[in-house]
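If you want the building blocks of each chain, they are given just below.
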Amino acid sequence: MDIGVISMRYARALLKSATDAQLEDQVYQEMMTIAKSYVEVPALRQTIDNPMLSKDKKESLLTIAAGEKASALTKAFIALVLKEDRENVMQFMANSYVTLYRKQKNVIRGKLTTAARVSVETEQKMRQLVESKTNGTVEFETEVNPDIIGGFILEYDTYRMDASVKSKLNSILNTLCK
């Protein structure tokens, strides 16, 4: 069976259970933590995929990967995944849950890239701008990239607004070289 199909089925079931128990926000944070753990610790995948490691140790590792105080629902979900021998798809299940949750709650990811650190007020204004345009909640991330020289790059959903000095200079250069 396809990994995408499996991960979506498990993620849908988890989201339904979490919604019924009114724990969807907490489980969302835990699934994001698991997904992030897989990215930041590549050895986690190898360890979880190791057939020589006991289910108890795998369960312990995945529970730790979910965060300090994993909910009972997340622990039960991890136990079910291990019982069904689907631990090799756990990362995809976590990512699928995050995607489904964002769709259900109308959460949009946004990113603001600037040449220098911006104030909290400026970041808040940009967040409000995106929220007013999308009619949703925005998970906002800021990044400092001195390579853009000045200005900013705002990205959300499929929209990208590049008001950086670097792009303006490149535009002028392209115009002059024609």
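Shown above is the structure to which this text applies.
Residues numbered from 1 in each chain as written. Predicted model: local features only at pLDDT ≥ 70, side-chain atom pairs only at ≥ 80, totals over all residues. Heavy atoms only, no water.

Trainee: I keep staring at the sheet that holds strand S3 (residues 151–156) and nothing clicks. Help me out?
Mentor: Spatially, 4 strands are ordered S2-S1-S3-S4 in an open sheet, and the strand pairing comes out mixed. Edge positions in the open sheet fall to strand S2 (137–144) and strand S4 (159–164), since each of these has one partner strand only. Between one strand and the next, the sheet's axes are offset by a mean angle of 15 degrees, whatever the strand orientation. (Pairing = 2+ DSSP bridges. Helix = DSSP H or I, 4+ residues; strand = E, 2+ residues; numbered from the N terminus. Axes fitted to C-alpha atoms, helices over the stretch in contact; angles between N-to-C directions.)

Trainee: What is the right way to read unusual backbone geometry from this model?
Mentor: If a residue is not glycine, its phi is most likely negative; likewise, a peptide bond is most likely trans. Positive phi, close to 55 degrees, is recorded for Asp 85, a residue that is not glycine. One non-glycine residue, Asn 106, lies in the positive phi region at around 55 degrees. Here Asn 106 lies in the loop between helix H6 (90–105) and strand S1 (107–114).

Trainee: How do you make sense of the nonpolar core when you look at a structure like this?
Mentor: Nonpolar side chains in soluble globular proteins tend to end up buried together. Counting 32 residues, the largest nonpolar core has Met 31, Ile 34, Phe 77, Met 90, Met 93 and Tyr 97 as the members making the most contacts within it. Sorting the residues of this core by element identifies helix H1 (3–20), helix H2 (24–40), helix H3 (42–49), helix H4 (55–65), helix H5 (72–83) and H6 as the ones contributing at least two each. When residues in this core are grouped by element, the largest group, 7 residues, is from H6. (Core = buried A, V, L, I, M, F, W, Y, C linked by side-chain atoms within 4.5 Å. Buried < 20%, exposed > 50% of the residue type's maximum accessible area, 1.4 Å probe, protein only.)

Trainee: How should the packing of H1 against H5 be read in this particular structure?
Mentor: The description of two packed helices rests on the angle between their axes and on the distance between the axes. In the contact formed by H1 and H5, the axes pass within 11 Å of each other and the chain directions differ by 155 degrees. Between H1 and H5, the crossing angle belongs to the class labelled roughly antiparallel. H1 and H5 meet at a crossing whose hand is right-handed. Across from Tyr 10, Leu 14, Ser 17 and Ala 18 in H1, the residues of H5 making contact are Leu 73, Phe 77, Leu 80 and Val 81. Residue composition of the contact of H1 with H5, by class: 7 nonpolar, 1 polar and no charged. (Parallel < 35°, antiparallel > 145°, perpendicular 65-115°, else oblique. Left-handed = near helix turned anticlockwise from the far one by under 90°. Contact = heavy atoms within 4.5 Å. Nonpolar A, V, L, I, M, F, W, Y, C, P; charged D, E, K, R; others polar.)

Trainee: Explain the side chain of Ser 7 to me, please; I cannot follow it from the model alone.
Mentor: If you trace the backbone, Ser 7 turns up in helix H1. Apart from residues no more than four positions distant in its own chain, Ser 7 is found in contact with Val 89, Phe 92, Met 93 and Ser 96.

Trainee: Before we go on, may I ask you to explain the layout of surface pockets in this structure?
Mentor: The gaps left among the atoms become clear once a water-sized probe is rolled over them. Size it by volume and the largest pocket reaches roughly 250 Å³. Together, Met 32, Thr 33, Ala 35, Lys 36, Val 39, Glu 40, Asn 95, Val 98, Arg 102, Arg 109 and Glu 139 line the largest pocket. Those elements that place two or more of their residues in the lining of the largest pocket are H2 and H6. Among the elements that take part in the lining of the largest pocket, H2 stands out by supplying 6 residues, more than any other. In terms of residue class, the lining of the largest pocket is built from 4 nonpolar, 2 polar and 5 charged. (1 Å grid on protein atoms, 1.4 Å probe; cavity = no way out; pocket = protein on both sides within 12 Å on 5 of 7 lines; lining within 4 Å. Points joined across faces, edges and corners; volume = space filled by probe spheres on them.)

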